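Fold and contact review
What follows is the residue order along each chain.
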Amino acid sequence: MATLLDGKMMAQEIEDSLKLRVEALKEKGVEVGLTVILVGEDPASQTYVGNKEKACARLGIRSNTLRMPADTTQEKLEAAIMEANADEKVHGILVQLPLPRHLDEAKALSLIIPEKDVDGFHDVNTGRLCRGQDCVVACTPKGALYMLKQAGIPLEGKEAVVVGRSNIVGKPMALLLLQENATVTVCHSRTKDLAEHTRRADILVAAIGKPRFITADMVKEGAAVVDVGINRVDGKLCGDVDFEPVSQKASYITPVPGGVGKMTIAMLMDNTVAAAEKKVQG
Ligand code: NDP
């Protein structure tokens, strides 16, 4: 039976240490500030933004959510980003994705000052991650890696398979595992015989967006399984991994909910506090 990698508990520990860092900044006269730009009324986005606001409140971070209507023009969105860029009190800026279709997401993200890009989606940050240089790392893969390392799971020389190649999860996850000296395979929807790859994995990361897609027969005995997926089935959340049968075979597994999702928010807070600390250090 697999050991549960408890995202809730790990995120709590991170928050506890972040509170001290926020306090230390306050003593230096700096109040950490995060601006979230939310365009439109997508219910999932509203929930995510609400969770981010709550996390800021718990930690004493000043959060400001700019709620813009669904028909916001590119010009107006860009003006809002530029304003937050120029605001000395704002240390982190986050544009909640997805944006409505008429807006140019890549252009909007490229306007955020890289130092304030707490989502780690700016070209400068993704480029630096690719080169193994110091950068702001995307929150979800950063959180997933934290869980593996916190549990003391060896990564060096291990076979790591990431299923999914999105810019926000799969690709940065693969790069982070590569930095840890794992041997990394990235699978996607055109991969032939997916199970042949996943069955070799000592570390298996599922970031697909298909409920319970990774079944026990696709998993190596004793593997560490990280389930990034968040799917809603009959009103209930589930991951991309068929949790019960896979946990009989794996040595470690992350639950959904209470796994990587909790870590994503904790890492967003960590990136925001780190941005403020860097600014203070100059
Ligand atoms: P995307 O839809 O952007 O990417 C999904 C990836 O899965 C693509 O690379 C796609 O391949 C691949 N894929 C789809 N079908 C298959 C298949 N049959 N076999 C192999 N690969 C397949 O999703 P995201 O990366 O944004 O998110 C993935 C999941 O993680 C979602 O459930 C999302 O909700 C969740 N998520 C969770 C977060 C958290 O905080 N825990 C944060 C962000 C996302 P291809 O490129 O070929 O299309």
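The notes below deal with the structure included here. (Residues numbered from 1 in each chain as written. Predicted model: local features only at pLDDT ≥ 70, side-chain atom pairs only at ≥ 80, totals over all residues. Heavy atoms only, no water.)

Structural notes on the sheet that holds strand β2 (residues 33-39)
Strand order in the open sheet formed by three strands is β3-β2-β4, with parallel pairing between adjacent strands. In this open sheet, the two strands that pair with only one neighbour each are β3 (62-68) and β4 (92-95). Across this sheet, the average inter-strand angle for adjacent strands is 15°, counted without regard to direction. Bridge count for β2 against β4 is four bridges, and the pairing is parallel. From the neighbouring strand, Thr35 faces β4, where its bridge partner is Ile93. (Pairing = 2+ DSSP bridges. Helix = DSSP H or I, 4+ residues; strand = E, 2+ residues; numbered from the N terminus. Axes fitted to C-alpha atoms, helices over the stretch in contact; angles between N-to-C directions.)

So, helix α7 (residues 170-179)
Those residues of α7 that sit buried are Gly170, Pro172, Met173, Ala174, Leu176 and Leu177. For α7, the secondary structure elements touched by its buried residues are α5 (123-131), α6 (139-150), β5 (159-163), β6 (183-187) and β7 (203-206). At the C-terminal side of α7, Asn181 shows a positive phi close to 70°. (Buried < 20%, exposed > 50% of the residue type's maximum accessible area, 1.4 Å probe, protein only. Contact = heavy atoms within 4.5 Å.)

Observations concerning the nonpolar core
Core analysis: the biggest nonpolar cluster contains 53 residues, and Leu34, Ile61, Leu148, Leu177, Ile203, Val205 and Met269 have the highest contact counts within it. Examining the composition of this core, we find that 10 residues originate from one element, helix α10 (residues 260-281), more than from any other. Residue contributions to this core reach at least three from each of two domains, namely domain 1 (29-118) and domain 2 (139-261). With near-sequence residues (within four places) excluded, Ile203 lies in contact with Leu148, Ile153, Pro154, Leu155, Lys158, Glu159, Ala160, Val161 and Ala224. Counting residues in each nonpolar core, the second largest holds 19 residues, with Ala2, Leu194, Ala206 and Val219 among its members. (Core = buried A, V, L, I, M, F, W, Y, C linked by side-chain atoms within 4.5 Å. Domains from an automatic or database assignment.)

None of this, on its own, says anything about what the molecule does.
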